[in-house]
Amino acid sequence: MDKLEAIEDFKVLQARLVTDRDPAIPIIVISAGTCGQASGANDLIRAAKREILARELTDKIRIRITGCHGFCEAEPSILVEPRGTFYPKVGPADVVKIIEALAQGQIVESLLFSDPQSKQRIERQADIPFYRKQVRTILARNEKIDPIRIYDYIENGGYAALSKALENGQPGWVVDEVKTSGLRGRGGAGFPTGMKWEFLAKARNGRGKYVVCNADEGDPGAYMDRSVLEGNPHSIIEGMLIGGFATGADKGVVYVRNEYPLAIKHLTIALRQCRELGLLGQDIMGTGFSFDIQLVRGAGAFVCGEETALIRSVEGKMGEPRQRPPFPVEKGIEGKPTVINNVETWANVPVIITEGGAQFAKVGTHRNTGTKIFSLVGKIKHTGLVEVPMGMTIKEIVHDIGGGPVGRAPIKAVQTGGPSGGCIPVQRFDLPIDYDSLTAAGSIMGSGGMIVMDESTCMVDVAKYFMNFLKGESCGKCFTCRKGTQRMYEILEDISLSKGTEDQLSLLEELAGVVKDTSMCGLGQTAANPVLSTLRYFRDEYLEHIRNKRCPGGACKELVTYTISEDCNGCGACAKQCPVEAISGAMKQRHVIDAARCTKCGNCKSVCRHDAVLVR
Amino acid sequence: MITLTINGLPVSVEEGTTLLEAARFLGFPIPTLCHMDGLDPYGACRLCVVEIGEGPKAKLVSSCTYPAQEGLKVRTASSRVVKARKMILELLLATCPQSKIIQDLASAHQVRQQRFRQEHEDCILCGLCVRMCKEQMVAGAIGFRGRGENRSIGTPFDVKSEQCRLCGGCIYVCPACQLRCTYTEPDKAICGGCANLSPPCVEKEQFDDMMCYMNPCVACEIERK
C-alpha cells in the first residue's frame, strides 16, 4: 500500500475504491465473528469458495467475510447483497443451493427466515421483526466490511471523518461537535463525552497525553464491544485518531481483554495496515498531527475494566483501583492526563463528525442521545445484539425485537447492567431505556447486557450467581468489598440451601447498604445492586425460600422436588437419561421419580418432550 | 491554603492535606486501622470513612486518602458514617476476633455483637507491613498476591526473600493481629528467617556471643533443637 502523504491522496483513494466496485455484482456476505465461527461459519466459507470456483463464477459472485451481524440466534447466517436476502442457520449443503439459485438471479424459498408466530417466510433482512425496529447506526457497518481489509472500510466512508476533522484543522471544533451531539459514555456511567474531552484538551501538556479505549468488557453475558472490535476495528482507530486530534493527545492505548483472541487479531492487523497507509504515526497525511496506538492485553481481571485499575494494569502493575480525585484527566497513565472511553463511545465518534453533532442528537431522547447496543440474551426467542435508539421501552425490545418468551413460562424480569446492575420486573417494562430511568428504577444501563428471565428463574439464585462472580473478581483491597461480597454470598447460599432465617435477610440488607456506601471503586459500590434490586421487587421469593423452604423458580436444588405429571406418556426417555436410575415405570404408563435417589441433575426435564417433569 | 468545613467548623489547610489530617488537627476523632503516620495512606480498612457533600449526592469516602478541597463540607460522625463503622467492625470481629486492637475499637463504638459466621484469620490485608517494608525499609520483600478471596501477603512465589533484612518492621506495625514471629510454625512465617537453619552470624566459634548482632535471631536456638 502506498503511504498517503496528503489529505488529497486519501480523497483520491476513496473515490477510486468507490468507482472500482460494480454495485450490481451480487455478494454473499458470511458473518464470521466469534459466534458465527463457533456455529460453523468457517465451513460455509470453504463451501462457498469451493462452489464458486467449481462453477467458474468468480467474476459473477463475490464473497465477503465479515464480523457479527447481531442475530446470533440465527448463526451461521448468510446475507445476499444487494437484494438483502437473509438466510438463517445455513449449512454447507445449503450454501450450494444458494449459490446455484443466485447464479440464476433467484432465491431459495425453503431456506428463508420463517416467522415463529405467523409461520410466514420473510426474504429481506430489513423486514424481519428482529431487525425492523432497530436503528443499526454502528452494527449495520459490520455487514459491509471485511475487518481485515482497510480498503473495505475506506470504501464505505471510513476515515472520511478523520480527514474532515484534519482539514478543518480546529481541535475545538471537534470537541464542540461531540458536546453538541450529547454523546454519553457507553461503558455504563454515562458521563458526557464532550465534557471529558474538554477537560483533557485544557489539561496542560507537559509530557504528553493519552486517550484510551476500554475494551475489557467483563460483564458476563455482554459482548457488544466484541462485535465492534472484531467486525469493525477501524471505527475505533478512527474514533481515537479524532479524539487524539481534538484533545492534543499523541498516544493511544487499546486495552483489550485477553479472552477476545479474534478481536486482538483483527486489531493488530488493522493497526498494521493503518501504519502502512500512514494513518498512524508521525505527520499523518502531512498535517503535522502525530498519533500512534499501542495494544495492551488484559490478563483475566474484571476489575481492570475500572478506569484507575486499568491505568495501573497498563503501567504493568497489579490492577487495583485508587481514590479519585485526582481523576485520570488530571493524572492518568504514568501521571499524564488521560481520557478513557468505552469501545462503543469511540465507534460513535466518526458518525458524529460525519453527520454533525446536531443530526446525531436527533436520535434518542433529550438527555440521552444516540443509539445503544444491547446484548439481548436469556429466555427469549431471538437472542443477539440489538441496536436501538435511547428511549425505546423495555417491552418493545423484549417482545417486538426479541420475539417474546422462548418457553411456556411467562417473562418475569430483565437484568440490565451485568453484575453492577439490577432486575426490572415485568410490571415496569414500560420504562424507557435511558441512563436516568434505569437508575431511578434501581438498576443501571451498564455496558448493555440485558438478560431476560422467566418464571423458571429463581431470583435468589440470580443474586447468588452475581455475588459469586463479584467476590471472585473483587481486587480485595477494600475490606468492606472483599469481606462484604464474601459474607453476602454466604447468606445467599444459606438461603438457597434452606438454612436461611429472616434475621439473615435483614442483615443482608444492612450489609449491602454498607458495602455500597464504603467501597472505593465502582465494583464495590455497585456490588450490592443485584441483591438490593431483587429484594426490592422479588422479596416474596426470598421469603418463600426462608419461611416455606420452597424455591418457586426451581433452581435451588435443596428446595425442589422433581415429579412427573399426568402429561407423561410413558416413553421412558427420562429413565434412560437418569444417572442414578431413580425413574421407574412401565411402557406407556406414567413414570415415577424416587425422590430419595433423585440428585436433581435435571436430565429428565431436558429430554422430556411432553413437558411432563415438574420442578417445584 | 484551602478552606473547608468539618462538622460545621471551618479550617484552613495546605494543599495536599488529607481530610483525616485536617479532622485530627481540629481534634475530631476518626478511627483507623491501616493508617500510620510516615507511610503512604492506602485506604484499605475503610474505617476512616467520612461523609462529604450534601443532599442526594453526599457520599462516604476514606478520609486518609481524600485530598482537602476548597469549600468541601465534611461530617465525621453522621448517622451514615456511624452505621458504616459499626458494620465494618462487626465484619472485622467476624474475621479476626483475637486481635486486641479490633476488640478495643469495637467496644469503643458500641459494637457488642457480630452476626456472621465466625472465622479466625490472622491477617486483615491492611497492607501496613507491605508499605513498611517498601517505603521505610526500602526492601520490598513482601507484597500482595492474588485477588478477592485469594488475596494474601507474602514473598514472590513464597520463595525465601533475599531482600528481607529480618528487621521485624512488618511484625512491629501489624495493627490487628499482633503478628508474632511464628518460628515454631515455619510455614506461616512471613520473614522466613527461621527457615535459615544455619546462623547468619560469622565466626561465632572464635568470638562467642560478641558476634551475635541480630538479637533475637533465634537461629542458634533452632539449630540447638
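### Regarding the sheet that holds strand S1 (residues 2–6) of chain B
Residue and element names in this part refer to chain B. Reading across from one edge, S2-S1-S5-S3-S4 is the order of the 5 strands in this open sheet, with mixed pairing throughout. The open sheet terminates on both sides in strands that have one partner only, identified here as strand S2 (9–13) and strand S4 (59–62). Neighbouring strand axes in the sheet, compared pairwise and without regard to direction, differ in orientation by 40 degrees on average. By the bridge criterion, 4 bridges tie strand S3 (residues 49–52) to S4 in an arrangement that is antiparallel. Bridged to valine 49 within S4 is serine 62. Against the sheet, helix H1 (residues 19–26) contacts S1, S2, S3 and strand S5 (73–75), and its axis sits at roughly 120 degrees relative to S2.

### Some words on the domain arrangement of chain A
Residues and elements named next belong to chain A. Structurally, chain A comprises domain 1 (24–81 + 85–123), domain 2 (144–360), domain 3 (365–454), domain 4 (459–547) and domain 5 (561–615). The C-alpha centroid of domain 3 is placed 27 Å from the C-alpha centroid of domain 2. Counting residues at the interface gives 20 residues for domain 2 and 21 residues for domain 3. Going through the elements one at a time, helix H11 (224–231) and helix H15 (343–355) are the ones with two or more residues in the side of domain 2 that touches domain 3.

### Let's talk about the interface of chain B and chain A
On the chain A side, the residues contacting the 27 residues of chain B number 27 residues. Put simply, the parts of the chain that give the side of chain B that touches chain A at least two residues each are S4 and helix H2 (79–95) of chain B. At 7 residues, the largest contribution of residues to the side of chain B that touches chain A is made by H2(B).

### Details of the domain arrangement of chain B
Entries for chain B in the domain assignment read domain 1 (2–108) and domain 2 (128–224). Of the residues contributing to the side of domain 1 of chain B that touches domain 2 of chain B, the split by class is 8 nonpolar, 2 polar and 2 charged.

### Notes on the environment of B:Asp37
With respect to the element layout, B:Asp37 can be found in the loop between H1 and S3. Note: C-alpha distance between B:Asp37 and B:Glu21 (16 residues apart in sequence) is 9.8 Å.

### Some remarks on the pairing of S3(B)
All names here are of chain B. Residues Val49 and Glu51 line one face of S3 and the alternating positions Val50 and Ile52 line the opposite face, and both faces are buried. What sits between S3 and S4 in their antiparallel hairpin is a turn of 6 residues, with glycine 53 showing a positive phi close to 80 degrees. Strand direction decides the pairing type here: S3 and S5, joined by 2 bridges, are antiparallel. Considered in S5, the bridge of glutamate 51 is made with arginine 75.

### A look at the environment of A:Glu315
All names here are of chain A. Topologically, glutamate 315 is positioned in the loop between helix H14 (307–314) and strand S10 (338–342). Take glutamate 315: there are 13 C-beta atoms within 10 Å of it, and that puts it in the partly exposed class. Setting aside residues no more than four positions away along its own chain, glutamate 315 makes contact with Ile333 and Glu334.

The rules behind the values
- Residues numbered from 1 in each chain as written.
- Chains lettered and ligands numbered in written order.
- Predicted model: local features only at pLDDT ≥ 70, side-chain atom pairs only at ≥ 80, totals over all residues.
- Pairing = 2+ DSSP bridges.
- Helix = DSSP H or I, 4+ residues; strand = E, 2+ residues; numbered from the N terminus.
- Axes fitted to C-alpha atoms, helices over the stretch in contact; angles between N-to-C directions.
- Contact = placed C-beta atoms within 7 Å.
- Domains from an automatic or database assignment.
- Nonpolar A, V, L, I, M, F, W, Y, C, P; charged D, E, K, R; others polar.
- Buried ≥ 20, exposed ≤ 12 C-beta atoms within 10 Å, placed from the backbone.

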